[in-house]
Amino acid sequence: MKRYRRTAASQYLFVGLILAGVLAIAFLSAVALTRISFIDQFAIPWAAGRAWLLEGTNPYDEAIINVAAETLSDSQYIGVLPEQEALSIPITSLVFYLPFSLMPFAISRAIWVTVLAICSGLIGFLSIKLAGWTLSNLEISGIIFLLIGWVPGIFSILTGELSPMIIFIILLGIYLLDKGQDTTAGFLLALTFGAVPTTIFILTLLMVWSISRRRWSIIVAYFSGVAFLLAVTLLMLPSWPLDLFRVNLASYDNWNWIKTPLSRLAATLPGIANPFSIFLHGVFLIYFIYLVITTWAKTGRIFTWKIFVLLVVAVLLNIQPSISHLYLILPAVFLVFRVWSERWGRSGRILSWILIFITAGSSWISFLPDIDFTQSPSMPFFIIGLPLLVLLGMIWIRWWALKIRKLPFEA
């Protein structure tokens, strides 16, 4: 036997293509940032982290906004600051930006876009793996390309939202839990502690499920990670919880900041908007509690189906939704497509691909004719209708997904 085996040329080619793709994304992102006007969600956290690390300035200080505005105007990028001109995220989420704050803005902004694009692609890859949909490498590459290129992907990547990174960590944590790597999953999920609107329902179910399965290492790792983040950040800036509360209290002085997709759906009937909104939220909160209770001690396909449904429900109950949160519904989408492919064969596979192309293409059609990245696109069908359709699809395939994979005569 040979001590060392030669590496196949195809593996070198595959790695080379990946590196070339990353470099191409970095180059294209730098060009796009100088040609397209956009909301810059990155400038304020970058300026806050830089002022905190290099000058000892409180990242929640009002002077940070002036620094961010001057940095944007001095750069070649044509971004604009968001309407809420304040750092509204906790320090535990600001840690994602700190390594980039040590670099010049022009370089760090281009790298940030590249990282978000990679996270978007990995979200698609993990979603396919979690759903167990068997696809060729070419088909997986095509789905990843479409997920980066549809409007939610381009918008979240170009504007620099943190959501793709948070969602990637959530899905990676669920994937590691499925593989039995509890400690690693717990520490990873602890990194999402600051993104409460996105993660509160997901983490609640995962923690309750971990207790039901007596997988204490998940609980210990998660709360140890959260305690470590809080201890370090409080030692570095003891006043940050009060500063965060002060900033958000000034920005959210009424209840208009609660804009869940369900409340937007209720607003289509102005005469009964308030009672209808209360009814919808009550129904989905009860359904969330039902999911938590019925997931108790469950494993395998039952747990997978329920956690995927919960990801969809988390989008509908998100108090500050963005189109980038649609990445959360992808595991459920691919599970529906998997069941279609298994039940209907080639016809189900073709139907799945038709819907994939229609969804990606229609996202741009609904964004036309005025493509404007300086404000969050409305896109009611995608933010409201698409999660509801996916939820109906999950309910439709429930029996096939949980009970059988093949009929007896097909075994």
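Definitions and cut-offs
Position numbers for residues start from 1 in each chain and track the written sequence from start to end. With the structure being a predicted model, the display of local features is reserved for residues of pLDDT at least 70 and the display and counting of side-chain atom pairs for 80 or more, all residues being used for whole-chain, interface and lining totals. Hydrogen atoms and water are omitted, and side-chain values are computed over all heavy atoms in the structure. A run of H or I in DSSP becomes a helix once it reaches four residues, and a run of E becomes a strand once it reaches two; helices and strands are each numbered from the N terminus. Atoms considered for the radius of gyration are the C-alpha atoms alone. The globule rule reads 2.2 Å times the number of residues to the power 0.38. Between buried and exposed lies partly exposed: a residue is buried under 20% and exposed over 50% of the maximum accessible area for its type, with that area taken using a 1.4 Å probe on protein chains only. It only takes one pair of heavy atoms within 4.5 Å for two residues to be counted as in contact. For the purposes of this section, nonpolar cores are sets of buried Ala, Val, Leu, Ile, Met, Phe, Trp, Tyr and Cys residues that join through side-chain atoms within 4.5 Å. Fitted lines through C-alpha atoms serve as axes, helices being fitted only where they are in contact, and the angles separating the N-to-C directions of these axes extend from 0 to 180 degrees. Angle categories are assigned with fixed cut-offs, so that under 35 degrees is roughly parallel, over 145 is roughly antiparallel, 65 to 115 is roughly perpendicular, and the rest are oblique. Following the grouping adopted for this structure description, the nonpolar residues are Ala, Val, Leu, Ile, Met, Phe, Trp, Tyr, Cys and Pro, the charged ones are Asp, Glu, Lys and Arg, and the polar ones are all others, Gly among them. With the far helix as reference, a near helix turned anticlockwise by less than a right angle produces a left-handed crossing, and one turned clockwise produces a right-handed crossing. We call Phe, Tyr and Trp rings a pair once their centres come within 6.5 Å, taking the six-membered ring for Trp, and we label the pair stacked below 30 degrees between planes, edge-to-face above 60, and tilted otherwise. On a range of 0 to 100, pLDDT expresses the predictor's confidence in each residue. The term polar contact refers here to a pair of N or O atoms within 3.5 Å; inside protein, the definition further demands a hydrogen-donor-capable atom paired with an acceptor-capable atom, and it admits residues adjacent in sequence only when both atoms are side-chain atoms.

Asker: It is not clear to me how the overall build of the protein should be interpreted in this structure. Could you clarify?
Answerer: When its secondary structure is counted, the protein shows 20 helices and 2 strands. The C-alpha atoms of the protein give a radius of gyration of 22 Å, which matches the 22 Å a tight globule of 411 residues would have. Projected onto its principal axes, the C-alpha coordinates of the protein cover approximately 70 × 65 × 50 Å. Counting all 411 residues of the protein, 48% fall into the buried class.

Asker: Would you mind showing me how to read the side chain of Asp243 here?
Answerer: Tracing the backbone through its elements, the reader meets Asp243 in helix α13 (residues 240-251). The contact partners of Asp243, leaving out residues within four places of it in the chain, are Asn58 and Tyr60.

Asker: What should I look at first to understand the environment of Leu172 in this one?
Answerer: By the element assignment, Leu172 lies in helix α9 (residues 163-178). Between the C-alpha atoms of Leu172 and Leu126, which are 46 residues apart in sequence, the distance is 7.0 Å. Among all residues touching Leu172, those that are not within four sequence positions of it are Leu126 and Leu188.

Asker: Would you mind showing me how to read the nonpolar core here?
Answerer: Considering soluble globular proteins, one finds that nonpolar side chains tend to be buried as a cluster. Within the largest apolar cluster, 128 residues are counted, with the highest numbers of intra-cluster contacts made by Ile143, Leu206, Phe308, Phe334, Met394 and Ile397. Excluding its chain neighbours within four sequence positions, the residues that come into contact with Ile397 are Trp305, Leu335, Val336, Val339 and Trp340.

Asker: Can you help me understand the packing of helix α11 (residues 196-212) against helix α12 (residues 216-236) in this one?
Answerer: To characterise two packed helices, one gives the angle between the axes of the helices and the distance between these axes. With their axes 7 Å apart at the nearest point, α11 and α12 run at an angle of 135° to one another. One way to sum up the angle between α11 and α12 is to call them oblique. Contacts from Leu203, Met207, Trp209, Ser210 and Ile211 in α11 reach Trp216, Ile218, Ile219, Tyr222 and Phe223 in α12. Looking at the contact of α11 with α12 residue by residue, the classes come out as 9 nonpolar, 1 polar and no charged.

Asker: Just to check I follow, could you spell out helix α8 (residues 151-159) for this structure?
Answerer: Owing to its 3.6 residues per turn, the α-helix aligns residues three or four sequence positions apart on the same side. The buried fraction of α8 is high, at 8 of 9 residues. Among the residues of α8, Val151, Pro152, Gly153, Phe155, Ser156, Ile157, Leu158 and Thr159 are the ones counted as buried. Gly160 sits one or two positions beyond α8 and adopts a positive phi of about 80°.

Asker: I tried to follow the environment of Val333 on my own but got confused; where do I start?
Answerer: Its location among the elements puts Val333 in helix α17 (residues 330-344). The sequence separation of Val333 and Pro387 amounts to 54 residues, and the corresponding C-alpha distance is 9.4 Å.

Asker: What is the right way to read the environment of Pro90 from this model?
Answerer: Inspection of the secondary structure puts Pro90 in the loop between β2 (79-80) and α4 (91-94). Residues Pro90 and Thr233 lie 143 residues apart in sequence; the distance between their C-alpha atoms is 9.7 Å.

Asker: When you look at the packing of helix α2 (residues 43-55) against helix α3 (residues 63-74) in this model, what are you seeing that I'm missing?
Answerer: Where α2 meets α3, the closest approach of the two axes is 8 Å, and the angle between their N-to-C directions is 115°. Classified by chirality, the crossing of α3 by α2 is right-handed. Where α2 abuts α3, its residues Ala43, Ile44, Trp46, Ala47, Ala48 and Ala51 lie against Ile64, Ile65, Val67, Ala68, Thr71 and Leu72. Across the contact of α2 with α3, the residue classes break down as 11 nonpolar, 1 polar and no charged.

Asker: What should I look at first to understand the packing of aromatic side chains in this one?
Answerer: Two aromatic rings are characterised by how far apart their centres lie and by the angle between their planes. The tally for this structure, following the rule as stated, stands at 22 aromatic pairs. Centre to centre, the rings of Trp344 and Trp396 are 5.9 Å apart; their planes meet at 55°, and the pair counts as tilted. In this pair, Trp344 is assigned in helix α17 and Trp396 in helix α19 (residues 380-396), connecting sequence segments 52 residues apart. Assessed through its relative accessible area of 43%, Trp344 is described here as partly exposed. Overall, the relative accessible area of 44% leaves Trp396 in the partly exposed class. When the centroid spacing of 5.9 Å and the interplanar angle of 85° are considered together, the rings of Trp399 and Trp400 count as edge-to-face. Judged by relative accessible area, which is 48%, Trp399 ranks as partly exposed. Residue classification places Trp400 among the partly exposed residues on the basis of a relative accessible area of 30%.

Asker: I'm lost on the confidence of the model for the protein in this one. Help?
Answerer: Residues of the protein with pLDDT of at least 70 account for 92%, and the chain-wide mean is 87. Of the regions scoring below 50 in pLDDT, residues 407-411 engages in 2 contacts with residues more than four places distant in sequence or in other chains.

Asker: Please clarify how the side chain of Thr294 should be interpreted in this entry.
Answerer: Position of Thr294 relative to the elements: it lies in helix α15 (residues 273-294). One polar contact links the side chain of Thr294 to the main-chain carbonyl oxygen of Tyr290, over a distance of 2.7 Å. Here the side chain of Thr294 touches Leu291 through a polar contact of 3.4 Å, landing on its backbone oxygen.

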